[in-house]
Structures are given as structure tokens and as C-alpha cells.
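# Inside the fold
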Amino acid sequence: MSVTEISRPARGSNSTTQQTILETAATTRLLESEGILDYSGHVSTRIPGRDAFVIQVGSTSRAEVSPDSMLVVDYDGNVLEGDGEPPSELPIHLEILRARPDVQSVLHSHMELAIAFTMMEGVKLLPMRARASRWKSGIPIDPDPSHIKLPEQGRALARTLGPHHAVLMRAHGLCLVAESAQALFVDAVHFKENATAQMQALQAGAKPIPLSEAEIAQIEKMEMREWHIKKLWNYYVRKALDQEVLPQAWRDELVPTNEMLKRDRAL
Ligand SMILES: [Zn+2]
């Protein structure tokens, strides 16, 4: 252990930090379990009330991420808490979080299905399924196919993302952004469903018919995003606990209470 590591304060120095670490670790395992992350890719989440965010140690298996393999990192990329090195593509998270104060959590994934939509002439990934109204403003493609290891690459990616909620990366992967780690996980599930639906339409030899503006307006009228996120989080966390994808010791911190699962309005 280096002197720098010894001098760092204990990991998870307050309860907000600990909960952010646990939710981000759980989100990573859930995304791996759903085939959205594999041997690479990562999730970052801002720590409320601190000028820092959490991200996993780059070398840790995405299927085994735990609070012990999470780092607290500041917006200059310095590791404040935890032992190990962040992922080499840390500039993705640094620059998107810097550019987008509205974003709390960032996913970078090398999802095959998403990458395919950066490789087809004349084909764009479009909002097909109802839940894909989330990406109604567009899903831009960043032209840099290399690993994003330099600040200027991260800044260029953040510029391509702009105000949107998703960006594809040519021949490389994608990033999603959301208001929490839980929301990010649910968005990733729907992003994959939507890409699958469009690919199925293409494979059937048909011209995909994306959601129209009027259809998106109708979907949004009926939307209860906060409750929907809790509902799916509850489903996937419980399933993962049963299947030992998540350790039982995490149950109480992750499973929503009945009170939390109440709908805030009836439609
Ligand atoms: Zn990558």
C-alpha cells in the first residue's frame, strides 16, 4: 500500500457517501446481469452535498463490484477515498458531470446492440417503444471511436451529448445520463429494449416506424417517471438478491419500502 493510500480517510466517511457507493455498486452489478455491462464499462454517481462522485476501481469485475472496490473522486480526477485506480476512461465521467449540472449519474457501456447503430449507413437509432420517449430530443453519435482517455476527448464527447440523455460513440459504445443511479439503470434497460425493437424491425426487412411527436406527447401525459423507476428498481433488485447477483447484506439499503412504492398520483 502506498503512502498516499494510507493517508486517505476511511472509505464512505458519511452515510450519504455510503448509500451512493452502495447504489452505484448495485447498479453496476444489475447492469452486468442484464447484459448492458460486461468486462468493461462503468457507472459514476455524484455524492449529494459533496464536491465529488463515486466510480469503481477500473480493474474490478463488473459482476463483483462492492463498496470495497468503489472510489470517491473529485472533479479534477483525484482519488479522495478508496484504494485502487479509476477506469482509464475516467474523462468520460469527469467531463460529462462537469458539463451537465442536471445529471447525477453517468453510464458508459460497450453494448453491442447500441454500437451496431453506429455502423449502418442510413440507419439512425430512433425512439420506437413507448419508454423511449425519454430520447425524443435525439441520440447523437460522437465520431471518436478510440478510448476516451484525454480531457479534450471527454470534452468533445460532452459537447456531442449536449442537452440530450444519450450519446452513441462510433464503433465503441454509448453513454446515458440520468437524475440518479436508479433512474440510470431503468433508462439502460429501456434503451436496450428500444434498440432491440428497432433491430427486429430492420431484421424483418421492414422500415421502422418511430414514435411520432403526437404519440410522444400522449405517452408523456400518462408518464409517472419517479414511480416507474422505483417499480423497476424494486423488481430487479429483488430478483438479483434472490439469484445472489447482489449480496443479502445489501437488501435493507436497496429494496424500496411499501411507502416508497406508493404512486404519487392516480391516472
Ligand atoms: Zn469505452
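Presented here is a report on the structure given in the accompanying data block. (Residues numbered from 1 in each chain as written. Predicted model: local features only at pLDDT ≥ 70, side-chain atom pairs only at ≥ 80, totals over all residues. Heavy atoms only, no water.)

## Details of the side chain of Asp142
Applicable threshold: Helix and strand assignments follow DSSP, with helices taken as H or I runs no shorter than four residues and strands as E runs no shorter than two, numbered in order from the N terminus. Throughout, exposure labels follow a simple rule: accessible area from a 1.4 Å probe, protein chains only, divided by the maximum for the residue type, with under 20% read as buried, over 50% as exposed, and the rest as partly exposed. Residues counted as positive are Lys and Arg, residues counted as negative are Asp and Glu, and His and the chain ends are not counted. By salt bridge we mean one thing: a side-chain nitrogen of Lys or Arg within 4 Å of a carboxyl oxygen of Asp or Glu. We call two N or O atoms a polar contact when they sit within 3.5 Å, provided that within protein one can donate a hydrogen and the other can accept it, with sequence-adjacent residues counted only if both atoms are side-chain atoms. Whether two residues are in contact is decided by their heavy atoms, any of which lying within 4.5 Å being enough.
As for its placement among the helices and strands, Asp142 is situated in strand 6 (residues 141–142). Of the side chains with opposite charge, Arg159 comes closest to the buried, unpaired Asp142, at an N-O distance of 7.9 Å. Side chain to side chain, Asp142 and Thr160 meet in a polar contact 2.5 Å long. Contact partners of Asp142, with chain neighbours within four places excluded, come to Ala156, Leu157, Thr160, Val167, Leu168, Met169 and Arg170.

## Remarks on the side chain of Arg134
In this fold, Arg134 is placed in the loop between helix 4 (112–116) and strand 6. Only 3.5 Å separates the side chain of Arg134 from the side chain of His165, close enough to count as a polar contact. Reaching out from Arg134, the side chain makes a polar contact with the side chain of Asp187 at a distance of 2.9 Å.

## Notes on the sheet that holds strand 7 (residues 166–169)
Selection rule: Whether two strands pair comes down to DSSP finding at least two bridges between them. Helix axes are fitted to C-alpha atoms over the stretch in contact, other axes to C-alpha atoms as well, and angles between N-to-C directions run from 0 to 180 degrees.
Pairing in this open sheet of 8 strands is mixed, and the strands run 4-3-2-1-5-8-7-6 from one edge to the other. Each end of this open sheet is capped by a strand with a single partner; those strands are strand 4 (79–81) and strand 6. Alignment of strand 3 (residues 70–74) against strand 4, held across 2 bridges, turns out to be antiparallel. Among the inter-strand pairings, Val72 is bridged to a residue of strand 4, identified as Glu81. Where helix 2 (residues 15–33) meets the sheet, it contacts strand 1 (42–46), strand 2 (52–56), strand 3, strand 4 and strand 5 (105–109), and its direction lies at approximately 155 degrees from that of strand 1. On top of the sheet, helix 5 (residues 151–161) reaches strand 6, strand 7 and strand 8 (173–178); it is set at about 125 degrees to strand 7, its chief contact.

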